[in-house]
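Close look at the chain arrangement
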Amino acid sequence: MLDRYIQLLKEGELVAFPTETVYGLGADAWNPSAIKKVFVLKKRPADNPLIVHVASVSSVEQFALEIPADARSLMQHFWPGPLTLIFRKKPKVLDLVTAGLDTVAVRWPSHPLSQNLIANAGPLVAPSAN
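Residues numbered from 1 in each chain as written. Predicted model: local features only at pLDDT ≥ 70, side-chain atom pairs only at ≥ 80, totals over all residues. Heavy atoms only, no water.

**Re the overall build of the protein chain**
Assigned secondary structure in the protein chain consists of 6 helices and 6 strands. Moving toward the C terminus, one meets the helices and strands of the protein chain in the order α-β-β-α-β-α-α-β-α-β-α-β. On C-alpha atoms alone, the protein chain measures out to a radius of gyration of 14 Å, which is about the 14 Å that the 2.2 N^0.38 rule sets for 130 residues. Structurally, the protein chain occupies a C-alpha span of about 35 × 30 × 25 Å along its principal axes. Taken over 130 residues, the protein chain has a buried fraction of 45%. Looking at the protein chain alone, contacts between residues at least 24 apart form 64% of all its contacts between residues at least 6 apart. Taken as a whole, the protein chain presents about 6,700 Å² of accessible surface, with 55% of it coming from carbon and sulfur. With 13 positive and 11 negative side-chain charges, the protein chain shows a separation of 4 Å between the mean positions of the two kinds. (Helix = DSSP H or I, 4+ residues; strand = E, 2+ residues; numbered from the N terminus. Rg over C-alpha atoms; globule rule 2.2 N^0.38 Å. Buried < 20%, exposed > 50% of the residue type's maximum accessible area, 1.4 Å probe, protein only. Contact = heavy atoms within 4.5 Å. Areas by Shrake-Rupley, 256 points an atom, 1.4 Å probe, with all protein chains shown as cover. Lys, Arg positive; Asp, Glu negative; His and termini not counted. Charge placed at Lys NZ, Arg CZ, Asp CG, Glu CD.)

**Regarding the sheet that holds strand 2 (residues 23-28)**
One open sheet holds the 6 strands; their spatial order is 1-2-6-3-5-4, and the pairing between them is mixed. Taken across any chain shown, the strands that pair with only one partner, and hence form the sheet edges, are strand 1 (15-18) and strand 4 (84-88). Relative to strand 6 (residues 124-125), strand 2 is paired through 2 bridges, and the arrangement is antiparallel. Among the inter-strand pairings, A27 is bridged to a residue of strand 6, identified as V125. In the packing of helix 1 (residues 2-10) onto the sheet, the strands contacted are strand 1, strand 2 and strand 6, and the crossing angle to strand 1 comes to about 135 degrees. Relative to the sheet, helix 2 (residues 32-42) contacts strand 2 and strand 6, its axis offset from that of strand 2 by approximately 145 degrees. (Pairing = 2+ DSSP bridges. Axes fitted to C-alpha atoms, helices over the stretch in contact; angles between N-to-C directions.)

**Remarks on the pairing of strand 4**
Side chains L85 and F87 of strand 4 all project onto a buried face; the interleaved residues T84, I86 and R88 project onto a face where none is buried. In this sheet, strand 5 (residues 103-107) lies alongside strand 4 in antiparallel orientation, the contact comprising 5 bridges. By the bridge assignment, I86 is partnered in strand 5 with A105.

**Description of the pattern of salt bridges**
Counted by the stated rule, this structure contains 5 salt bridges. A salt bridge links E20 to R107; the shortest N-O distance between them is 2.1 Å. Here R107 lies in strand 5 and E20 lies in the loop between strand 1 and strand 2, a separation of 87 residues in the sequence. Judged by its relative accessible area of 28%, E20 falls in the partly exposed class. A salt bridge links R72 to E61; the shortest N-O distance between them is 3.8 Å. Of this pair, R72 sits in helix 4 (residues 69-78) while E61 sits in the loop between helix 3 (57-60) and helix 4; the two residues are 11 residues apart in sequence, bridging distant segments of the chain. (Salt bridge = Lys/Arg side-chain N within 4 Å of Asp/Glu carboxyl O.)

Bear in mind that shape data such as this cannot, by itself, settle questions of function.
Here's what the structure looks like:
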């Protein structure tokens with residue numbers, strides 16, 4: 001099943017996956033057309049930013065312009081887990097993900113399936129699937 005989910009994500013499709021709090025509706029965090037599908041399916045306003053889900057602290061560096069010491073401490077103590085942190089974003093982060101803001105929300109879910117999925121498919125944007 002995991003291989004099928006990874007393939008779907010690479011093809012620009014969406015997948016539902018469990019986190020420790022809810023099921024997320026995941027899309028490749030670097031694929032604009034996949035991300036647009038999330039907004040359409042959820043009927044989500046374009047000015048409502050998405051959370052990027054990662055599978056390692058080092059993955060945060062792809063999105064965050066800098067990671068302050070206090071954020072590193074929180075990450076060390078509470079990740080993986082249901083903690084979302086907000087960082088100033090790198091220029092390459094899609095405005096579609098951040099609703100044009102200069103910040104990006106990032107979390108590292110603790111559910112084993114989500115960790116495995118993200119580790120193999122790459123970072124995902126994922127609002128709740130409900």
